[in-house]
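Chain residues, written in single-letter form:
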Amino acid sequence: MSDAKTCFISAISSQGIERRYFLKWMRMNLDNLSREKLSGLRKQYKAKCKDAENKEAIKDIDKELSNSSLGTEHFLREMGQIYEASVSLPEQDLSRKQLQHLPKICAGLLLDGFPLELVDGDASNIPLTWVSDVLYQLNELVCPNNKILVVTVLGVQSTGKSTLLNTMFGVQFAVSSGRCTQGAFMLLIRINEDVKKVLDCDFMVIIDTEGLKSTELAQLDDSYEHDNELATLVVGLSDITIINIAMENSTQMKDILQIVVRGFLRMKEVGKKPKCQFVHQNVSDVSANENTLRERNLLLDHLNEMTQAAAKMEKKEKNKCFTDVMEYNPETGSWYIPGLWNGNPPMAPVNAGYSEAVYQFKKKHHTDTRKL
């Protein structure tokens, strides 16, 4: 292990407030480093773009831009990779014994409200041994047989998925430094005693996912299959799936809906029927329910069309409309939220209507949870 990794593991092995301070300061300092690095790279990119002959140089800078966002999640990912490598060693090996405590440390971080990476966004890999052992240790740290409610968000890249979850649940998924979520992250929320009766669960797991149809993956031949796999995975894990939409009546929206419908179609085949909520962001007029009636009916038409297309691809042609796949009511299944900013950021004030609409959606979300 590198000195930096040894130092990191030593720091997060400490308990309580000291560990939280360390991770908070580390996150802030890494964000500052990323800002400085990204600022310089963007200037270089702009300069190179003026000359059409700099294609290779532009490609290199573009790759550097993608790789320059460094966060605590990368250190935790490497810790998981080191643990998975140690598990392949003989049981009596000293190196393996020295690293057996790592899943318990990460389980403690989950209880403290820090996210765990479920899917490595750079390699599209799920570290099964690492995640399984962390969740096993988590089960040891809390009372057995706890009820857990799983909520997932899916949508296009840079449409405010992480911001929506942060506002709804008071969590802190990374949204700064121009970073986009890569892969999938889970975060554990302990439910207060007074809310347990409302939600009928002891813990809530929030899963934040990378954006579908991302520009980084668009050039790859299997990008569509990657999105399908990610959607199927997180829909399969969740009790309630929030579909975040920031565009209306476009080809891209149809692509997203088809990916999502395929995930639900596969869940139906294994006997699972998760709940689904559609959230439309950046909608200017959300004052009256009647104003969005046409949009809700159009969305249902798109969903029915995409269900037929997805059913044909999955060879399940008996599913003719979206309601065959899952329970969906256009009156209650869609929610319209205004934009986050009043004007152009970074100097624009936050729109109070955004928080109010998200709060109302959260109340509706809790009502649906009781029916599960």
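Thresholds, definitions, all that
All residue numbers refer to positions counted from 1 along the written sequence of the respective chain. Per-residue local features are limited, in this predicted model, to residues with pLDDT of at least 70; the limit for side-chain atom pairs, both in listing and counting, is 80 or more; totals at the level of whole chains, interfaces and linings are taken over all residues. Neither water nor hydrogens contribute to the side-chain values; these are computed over all heavy atoms in the structure. Secondary structure elements follow DSSP: runs of H or I no shorter than four residues count as helices, runs of E no shorter than two count as strands, and numbering proceeds from the N terminus. Only protein chains enter the accessibility calculation, which uses a 1.4 Å probe. A residue is then buried if its area is under 20% of the maximum for its type, exposed if over 50%, and partly exposed in between. Looking at any residue, its pLDDT shows the predictor's confidence there, from 0 to 100. Strand pairing is defined by DSSP finding a minimum of two bridges between the two strands. The convention used is that axes are lines fitted to C-alpha atoms, helices contributing only their stretch in contact, and that angles between N-to-C directions extend from 0 to 180 degrees. For classification purposes, angles smaller than 35 degrees are called roughly parallel, those larger than 145 roughly antiparallel, those between 65 and 115 roughly perpendicular, and all remaining angles oblique. By definition, turning the near helix anticlockwise from the far helix through less than a right angle yields a left-handed crossing, and turning it clockwise yields a right-handed one. In what follows, a contact means two residues having at least one pair of non-hydrogen atoms within 4.5 Å. Following the grouping adopted for this structure description, the nonpolar residues are Ala, Val, Leu, Ile, Met, Phe, Trp, Tyr, Cys and Pro, the charged ones are Asp, Glu, Lys and Arg, and the polar ones are all others, Gly among them.

Counting secondary structure elements, the protein contains 14 helices and seven strands. Each of the 372 residues in the protein was classed as buried or not, and the buried ones make up 45%.

Quick look at the confidence of the model for the protein now. For residues with low pLDDT, the predicted coordinates do not support detailed interpretation. When the pLDDT values of the protein are averaged, the result is 81; 90% of them are 70 or greater. Element-level mean pLDDT values for the protein span from 77 in helix α3 (residues 55-67) up to 92 in helix α6 (residues 102-111).

Judged by how many residues are buried, strand β6 (residues 275-280) sits mostly within the fold: five of six residues are covered. Relative to strand β7 (residues 334-336), β6 is paired through three bridges, and the arrangement is parallel. Bridge assignment links valine 279 to a residue of β7, and that residue is tryptophan 335.

The packing of two helices is summarised by the inter-axis angle and the distance between the axes. The contact between helix α2 (residues 16-49) and α3 brings their axes to 10 Å, and the two run at 160°. For the element pair α2 / α3, the angle class is roughly antiparallel. Crossing handedness for the pair α2 and α3: left-handed. In this structure, α2 uses Lys37, Leu38, Leu41, Arg42, Gln44, Tyr45, Lys48 and Cys49 to contact α3, whose residues at the interface are Ala57, Ile58, Ile61, Asp62, Glu64 and Leu65. Classifying every residue of the contact of α2 with α3 by side-chain character gives eight nonpolar, one polar and five charged.

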